[in-house]
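Here is how the chains run, residue by residue.
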Amino acid sequence: MKFQKLAALLVLGSIELHSNFFGTKKPFAKFDEDQLQKIEDDLVEKDTSALDEKISEQEETIKGLNTEKSEIENAVNQALELNGIKIPEGASITDAVALIGQTCKTYGDSKETHTVVKTDGIDKGDDGDSEVFAHEKVLNDRSKFPTLK
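No experiment lies behind these values; they were computed from the predicted model shown.

Novice: Is there a simple way to explain the nonpolar core in this structure?
Specialist: One recurring pattern in soluble globular proteins is that nonpolar side chains are buried together. In terms of nonpolar packing, the biggest core is built from 5 residues, these being Val 76, Leu 80, Ile 85, Ala 96 and Ile 100. Listing elements by their share of this core, those giving two or more residues are helix H3 (49-82) and helix H4 (93-109). Contact partners of Ala 96, with chain neighbours within four places excluded, come to Val 76, Leu 80 and Ile 87.

Structure (structure tokens):
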């Protein structure tokens, strides 16, 4: 039998081809009213609206994931460019993230850092009096003020 899969899709036993009276055109298929009604009933029975909803949900999910992927790629590329990190040609986004992580680890483990100034609030002046704060010096220095009589 010809067109078995098409006949199964249309829920028909077989598809009959008809030709023109003079045989000058290609053979064609035609459906009678009973065959059309059977196809319609089977399509109604097998409700595809849930499938259509699922397909549209999947399309939206794919669109969202593609947008998120491009945003992540842009962020990683900006981070690489900002820090002057060069990645090999053809490296994937996961390779780039691993390279950024490795660079951060190298910087974090480095002992070559600037000395941080101790900010304990103690004024270390020239006179060696490190225990007295600057504001106490100003309040206690009476040499600048004349004594009233």
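Right, picking up where we left off after that structure.
Novice: What is the right way to read the pattern of salt bridges from this model?
Specialist: Any two side chains of opposite charge can pair, given that their charged atoms come close. Tallied over the entire structure, the rule returns 3 salt bridges. Between Glu 60 and Lys 63 there is a salt bridge, with its nearest N and O atoms 3.8 Å apart. Residue Glu 60 and its partner Lys 63 are both found in helix H3; the two are separated by 3 residues, about one turn of the helix. Lys 105 serves as the salt-bridge partner of Asp 109, at 3.3 Å between the closest nitrogen and oxygen. One end of the pair is Asp 109 and the other is Lys 105, both in helix H4 and 4 residues apart, which spans about a single turn. What makes Asp 109 partly exposed here is its relative accessible area of 45%.

Novice: Sorry, what's going on with the packing of H3 against H4 here?
Specialist: Geometrically, a packed helix pair is captured by the angle between its two axes and the distance between the axes. Two numbers describe how H3 lies on H4: the axes approach to 10 Å, and their chain directions differ by 40°. Classified by the interaxial angle, the pair formed by H3 and H4 is oblique. Crossing hand, H3 versus H4: left-handed. Contacts between H3 and H4 involve Glu 73, Val 76, Ala 79 and Leu 80 on the former and, on the latter, Ile 93, Ala 96, Val 97 and Ile 100.

What counts and how
- Residues numbered from 1 in each chain as written.
- Predicted model: local features only at pLDDT ≥ 70, side-chain atom pairs only at ≥ 80, totals over all residues.
- Heavy atoms only, no water.
- Core = buried A, V, L, I, M, F, W, Y, C linked by side-chain atoms within 4.5 Å.
- Buried < 20%, exposed > 50% of the residue type's maximum accessible area, 1.4 Å probe, protein only.
- Helix = DSSP H or I, 4+ residues; strand = E, 2+ residues; numbered from the N terminus.
- Contact = heavy atoms within 4.5 Å.
- Salt bridge = Lys/Arg side-chain N within 4 Å of Asp/Glu carboxyl O.
- Axes fitted to C-alpha atoms, helices over the stretch in contact; angles between N-to-C directions.
- Parallel < 35°, antiparallel > 145°, perpendicular 65-115°, else oblique.
- Left-handed = near helix turned anticlockwise from the far one by under 90°.

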